[in-house]
Amino acid sequence: MPSFAKLFATPWIWSFLGALIVWLAAVIFTGGHGAGGMITAALSLAVFTVIVGLGQMFVITLGPGNVDLSLPANIGLASAVAMKTMDGQDSLIALGLLAALACGVVIGLANYALIRVLRIPPIIATLSSSFIILSTDIHYGRGLQIKPPDSFADFANVQFFGVPILGLFGVALAVVAWAGLQKMVYGRSVLAIGQNMRAAKLAGIPVERVRLLTYTLSGALGGINGALLAGYFRGASVDIGNEYLLSSIAVVVIGGTSVAGGKANVPGIWGASLFLVLLLTMLNTFGVSAGLRLLLTGLIIVGVITAAGGHKTGR
Amino acid sequence: MSDPLRSIAKLDGVKRSFGAVRALDGVDFAVHAKECIGLVGHNGAGKSTLMSILAGTGSPDSGTIAINGAAQSDWTIQRARALGVRCVFQELSLSPNLSVAENTRVSHGALNGWGGAKRAADLIRASLDAIFPGHGISPQDIVGDLAIGQRQMVEVARAFTLTDDPLHLVILDEPTSSLDAQTARQLLDHIRRAVAGGISCILISHILGEILETSDRVVVMRDGKVVADEPARDLTRARLVAAMGGARLHAKTTRSDGVGASQPVVAQVQAGGAHGAIGLQARRGEVIGLAGLAGHGQTKLLIDLFEAANARRKGMTVDGAVALVAGDRQTDGIFPLWSIAMNISIRSLAALRRGAFIAADKEADLAVTWRERIGIRTDNLDNNILSLSGGNQQKALFARALASDAQIILMDDPMRGVDLGTKLDVYDLIRTQAQQGRTFLWYTTETDELDNCDRVYVFRNGQIVAVLDHDDLTEEKIIQSSFAEVGA
């Protein structure tokens, strides 16, 4: 059965398999209660990790040292910008989304400017910019929870037969990202730069333009994510994006993208995001305490990355 | 001064191959007590390989090494040091994160223990003072902070420090290449003093003047063999050049000269700029050679031209799209995670689009076309690029450039590690492509290849120092221009 063997040779299959296992474990524990609900909830929550995970994937694929650590602060600020712009009015929803997107784009551009103009390594540049963004957010949002317009919040929670609308949006976005990565000149350029930046430059690829575009893309996706999160959780807050620092990187790695750059995997982002969300669901159904839950989450992520990363980085 | 009866180091029938390249082809070489040997030859003649074997950092495929008449079966760098053979390497071997004194300390077992740091500092300071008076280097300076010339001075001074280990022979591989004239003078004087004091030296240099005045005996290598071995006093610069270059180039290739002054200039480097007093011009359909010793600015000129095609650069004009064929495949060329086809198509993606997407069929067609035209030996272009041999990887890089829309092709010594058959194929291809109006700028370290060029620019120290037309081209003229006039 060559096609079956081929399926299991793809790096992303393992993340879906992991998601399936933790879901089954949770379902067995509850005796089958809430199996469908768990999936619906997982689909809704996983979308947010998918959105920023895709941006992070493109950045990490640019090669060693490239990472966007400003995503949590970006999400926080964009959520506040979106909610303030919408001002609780349905007529301003589109404008608010646009404002969040613009906020993310500006953050992405600023990150790239720090990296390029001041020659700061991306890890430091994006980390320090996140402090600036965070301070801006605290000043701008005054630490208050700002409510979304009701229809935006309702929209973010809409489901069709148990499939949340945001899940569909996430799938559509992943398809676009896959096409961009595999079928377009932009994606090829990112993959080439990640393998060998000097060779990419000498092969005529506009390396700096591609890097600019990639950090901007990551920023923009962070901005959109902020607006959607604020809608889904019915309010913006400074720490709304906190968990996406670890999870955006974790889903990239668990999903089969090479940390060394030059090799990316889009379906794996979805699989890994579902895995992370369902893992949390499983631990919650087991009733473990918050401290133990964090400990186990950390250990399992380390374990999965070691297991999944072992053979891939061996080449 | 030399005593021919007593050889302190003797190599017999030494052979060494790197893949298909025969670096040493049966070399006999002896160093006598109290003599300085000048070792000269082209890049790739085998000088550095021979010296690495003598110093114990490389091992021969066959042949014997004898020190003070005793055959050595297990010859390593530790053993070499213990028997008094030291080498100042061309690639500097100091640890950049350590101080000058610490670098000295790690090379002497006797400087272990308490007070070693102080003794190491004193030792290296004394050696520096003796060789390079007024050197301005403190033993506490971190090596990474020193200029390249100062690092070279430390490297040399360290080789001449004495503790418990004996010192009979110091090998100096191009020690003056990064020294200015005055320090080089100090070093050459010191070599003479050391020889008078009983230490033998081997001096490798491309500056023939310093070889002739410093050495007792000069050994000339060519193509992995010793081709001359004579007392320095019997030699002249001209005779050395002739020995290094050998016969004239073989029968001239008759270039079907369709290239006249009527063709437009597509790439130009103005005279008097960063690349020297002589300018460079390349017309449509010309094949331009860049010659001279390796690393004398040819690659930099190509990269500068590459960048000038995309952004304005002072003193340079490039008219048309450019593509570069890398010589250093792993660093500058190959995308190791990709298939052969993707490695070929990367330069042409914009032209392979259908709408916003790369058309898979067009991409495959391009790769197949060029596999046939340039003869890449593979049955499946979707195989990883690393499944190809080095020569075939290089063909894929040629295909990448030639398949592109570029009218100007820059080639950075692209025939390294390529077998003869492939080379002849590629020469033909270049000639046909040039006739169709493409322009080639071709840096090569192989003099024979320059015969394919309409015009050759010779480089020295980052500058163009000579222009030779195809009909005036001889290896001797190229060598003559490649070497500095100092002291001749």
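Rules and cut-offs
- Residues numbered from 1 in each chain as written.
- Chains lettered and ligands numbered in written order.
- Predicted model: local features only at pLDDT ≥ 70, side-chain atom pairs only at ≥ 80, totals over all residues.
- Heavy atoms only, no water.
- Helix = DSSP H or I, 4+ residues; strand = E, 2+ residues; numbered from the N terminus.
- Rg over C-alpha atoms; globule rule 2.2 N^0.38 Å.
- Buried < 20%, exposed > 50% of the residue type's maximum accessible area, 1.4 Å probe, protein only.
- Areas by Shrake-Rupley, 256 points an atom, 1.4 Å probe, with all protein chains shown as cover.
- Domains from an automatic or database assignment.
- Contact = heavy atoms within 4.5 Å.
- Buried area = accessible area lost by both parts, 1.4 Å probe.
- Salt bridge = Lys/Arg side-chain N within 4 Å of Asp/Glu carboxyl O.
- Polar contact = N/O pair within 3.5 Å; in protein donor to acceptor, adjacent residues only side chain to side chain.
- Nonpolar A, V, L, I, M, F, W, Y, C, P; charged D, E, K, R; others polar.
- Pairing = 2+ DSSP bridges.
- Axes fitted to C-alpha atoms, helices over the stretch in contact; angles between N-to-C directions.
- Parallel < 35°, antiparallel > 145°, perpendicular 65-115°, else oblique.
- Left-handed = near helix turned anticlockwise from the far one by under 90°.
- pLDDT = per-residue confidence, 0-100.
- Phe/Tyr/Trp six-rings, centres within 6.5 Å; stacked < 30°, edge-to-face > 60°.
- Lys NZ or Arg CZ within 6 Å of the ring centre and 35° of its normal.
- Disulfide = S-S within 2.5 Å.
- Expected span 1.5 Å × (residues − 1).
- Arc of directions from axis to C-beta.

A. Just the overall build of chain B, in detail. Within chain B one finds 15 helices and 21 strands. Its C-alpha radius of gyration of 25 Å places chain B within 12% of the 23 Å reference for a compact globule of 488 residues. Across the 488 residues in chain B, those meeting the buried criterion constitute 53%. When the accessible area of chain B is evaluated, it comes to approximately 20,600 Å², of which 50% is carbon and sulfur surface.

B. Representation of the domain arrangement of chain B within the structure. Residues and elements named next belong to chain B. The assigned domain composition of chain B is domain 1 (7-245) and domain 2 (265-482). Each of domain 1 and domain 2 was reduced to a C-alpha centroid, and the two centroids are 36 Å apart. Taken together, the contacts link eight residues of domain 1 with seven residues of domain 2. When domain 1 packs against domain 2, close to 730 Å² is buried across both sides, 61% of that on carbon and sulfur atoms. The interface formed by domain 1 and domain 2 contains zero salt bridges. Inspection of the domain 1/domain 2 interface yields zero residue pairs in polar contact (both at pLDDT 80 or more). Residue classes in the side of domain 1 that touches domain 2 are distributed as three nonpolar, four polar and one charged.

C. Expanded view of the interface of chain A and chain B. Chain A puts 21 residues into the contact, and the matching count from chain B is 26 residues. Surface buried jointly by chain A and chain B totals about 2,000 Å² across both partners, of which 64% is contributed by carbon and sulfur atoms. Considering only the surface of chain A that becomes buried against chain B, Arg188, Gln195 and Leu202 of chain A emerge as the three largest contributors, covering 35% of it. Along the contact surface separating chain A from chain B lie three salt bridges. Glutamate 307 of chain B is the partner of lysine 201 of chain A in a salt bridge, and the nearest nitrogen-oxygen pair spans 3.0 Å. At the junction of chain A and chain B, the tally comes to seven residue pairs in polar contact (both at pLDDT 80 or more). Each residue belonging to the side of chain A that touches chain B can be placed in one class, and the counts come to 10 nonpolar, five polar and six charged.

D. Seen up close, the sheet that holds strand S20 (residues 455-460) of chain B. Residues and elements named next belong to chain B. Taken in spatial order, the six strands line up as S15-S18-S19-S13-S20-S21 in an open sheet, and their pairing is mixed. Every interior strand has two partners, whereas the edge strands, strand S15 (322-325) and strand S21 (463-469), have only one. Across this sheet, the average inter-strand angle for adjacent strands is 20°, counted without regard to direction. The sheet contact formed by strand S13 (residues 287-292) and S20 spans five bridges and is parallel. Looking at S20, one finds that glycine 292 is bridged to phenylalanine 459. Across the sheet, helix H9 (residues 298-308) touches S13, S15, strand S18 (408-412), strand S19 (439-443) and S20, and the angle it forms with S18 is around 150°.

E. Structural view of the packing of helix H3 (residues 35-61) of chain A against helix H8 (residues 165-183) of chain A. Residues and elements named next belong to chain A. It is at 8 Å that the axes of H3 and H8 come closest, and there the two elements cross at 20°. Judged by the inter-axis angle, H3 sits roughly parallel to H8. Handedness of the crossing formed by H3 with H8: left-handed. In contact with Leu43, Val47, Phe48, Val50, Ile51, Leu54, Met57 and Phe58 of H3, H8 contributes Leu166, Gly167, Phe169, Gly170, Leu173, Ala174, Ala177 and Leu181.

F. Focus on the sheet that holds strand S11 (residues 265-269) of chain B. All names here are of chain B. The strand order across the open sheet formed by three strands is S12-S11-S14, and the pairing between neighbours is antiparallel. The strands lining the two open edges of the sheet, one partner per strand, are strand S12 (280-283) and strand S14 (316-318). Strand-to-strand twist in this sheet, taken as the mean axis angle between neighbours without regard to direction, amounts to 15°. Where H9 meets the sheet, its contacts fall on S11, S12 and S14, and the angle it forms with S14 comes to roughly 65°.

G. A look at unusual backbone geometry. Its identity is not glycine, yet arginine 119 of chain A carries a phi of approximately 55°, on the positive side. Relative to the helices and strands, arginine 119 of chain A resides in the loop between helix H5 (93-117) and helix H6 (122-141). With a phi close to 45°, glutamate 174 of chain B is a non-glycine residue in the positive phi region. Mapped onto the secondary structure, glutamate 174 of chain B falls in the loop between strand S7 (169-173) and helix H6 (181-196).

H. Here's a closer look at the confidence of the model for chain A. Residues and elements named next belong to chain A. Summarising the model, chain A shows a mean pLDDT of 89, and 94% of its residues fall at 70 or more. Per-element confidence in chain A is highest for helix H9 (residues 185-195), whose mean pLDDT is 96, and lowest for helix H1 (residues 2-9), whose mean pLDDT is 62. Every residue in residues 310-315 is under pLDDT 50, and counting partners more than four places away or in other chains gives seven contacts.

I. Quick peek at the packing of H3 of chain A against helix H13 (residues 267-286) of chain A. Residue and element names in this part refer to chain A. Close contact between H3 and H13 brings their axes to 7 Å; oriented N to C, the two are set at 135°. By the criterion of interaxial angle, the relationship of H3 to H13 is oblique. Considering how the two elements wind past one another, H3 and H13 form a crossing that is right-handed. For the pair H3 and H13, the contacting residues are Met38, Ala42, Leu43, Leu45, Ala46, Val47, Thr49, Val50, Gly53, Leu54 and Met57 in the first and Ile269, Trp270, Ser273, Leu274, Val277, Leu278, Thr281 and Thr285 in the second. Taken together, the residues of the contact of H3 with H13 sort by class into 14 nonpolar, five polar and no charged.

J. Structural view of helix H1 (residues 47-55) of chain B. All names here are of chain B. Counting buried positions along H1 gives eight out of nine residues, so the element sits mostly inside the fold. Buried within H1 we find Lys47, Thr49, Leu50, Met51, Ser52, Ile53, Leu54 and Ala55. Positive backbone phi, at 90°, marks glycine 56, one or two positions downstream of H1.

K. Representation of the side chain of threonine 378 of chain B within the structure. Residues and elements named next belong to chain B. Mapping threonine 378 onto the fold places it in the loop between helix H12 (360-374) and helix H13 (390-402). For threonine 378, a relative accessible area of 17% gives the class buried. Side-chain polar atoms of threonine 378 contact the backbone oxygen of asparagine 380, separated by 3.1 Å. Those residues within four positions of threonine 378 in sequence are excluded, and the remaining contacts are Ile340, Arg371, Asn383 and Leu388.

L. Structural context of the packing of aromatic side chains. Tallied over the entire structure, the rule returns seven aromatic pairs over all chains. For the ring pair tyrosine 427 of chain B and tryptophan 442 of chain B, a centre distance of 5.7 Å and an interplane angle of 45° mean the geometry is tilted. Here tyrosine 427 of chain B, found in helix H14 (residues 420-435), pairs with tryptophan 442 of chain B, found in strand S19; they are 15 residues apart in sequence, far enough to count as distant. Take tyrosine 427 of chain B and tryptophan 442 of chain B: they sit in the same class, and that class is buried. Taken together, the aromatic side chains of Phe48, Tyr232 and Phe233 of chain A make up a single cluster linked through ring pairs. Just above the ring of tyrosine 140 of chain A sits the side chain of lysine 84 of chain A; from NZ or CZ to the centre is 4.5 Å.

M. Region of the structure containing the pairing of strand S9 (residues 217-222) of chain B. Residues and elements named next belong to chain B. Burial of S9 is extensive: five of the six residues sit out of reach of the surface. As judged from the five bridges shared by strand S3 (residues 36-41) and S9, these two strands associate in the parallel manner. Of the residues in S9, the one forming a bridge with glycine 38 is valine 218. Note: S9 against strand S10 (residues 225-231), six bridges, orientation antiparallel. Bridging from a neighbouring strand, arginine 222 pairs with lysine 225 of S10. What sits between S9 and S10 in their antiparallel hairpin is a turn of two residues, with aspartate 223 showing a positive phi close to 50°.

N. Here's a closer look at the state of the cysteines. Residues and elements named next belong to chain B. By the definition in use, this model includes zero disulfides over all chains. A disulfide-free cysteine, cysteine 36 has its sulfur positioned 5.5 Å from the sulfur of cysteine 201, the nearest such atom. Relative accessible area serves as the criterion here: at 0%, cysteine 36 is assigned to the buried category.

O. Just H6 of chain A, in detail. Residues and elements named next belong to chain A. When the terminal C-alpha atoms of H6 are compared, their 27 Å separation across 20 residues agrees well with the 28 Å that a helix rising 1.5 Å per residue should span. Taken together, the buried positions of H6 are Pro122, Ala125, Thr126, Ser129, Ser130, Ile133, Asp137 and Gly141. Burial along H6 is one-sided: seen end-on, the buried residues are contained in an arc of 130°. Seen from the buried face of H6, the exposed residues on the opposite side, beyond 90 degrees, are Phe131, Ile132 and His139.

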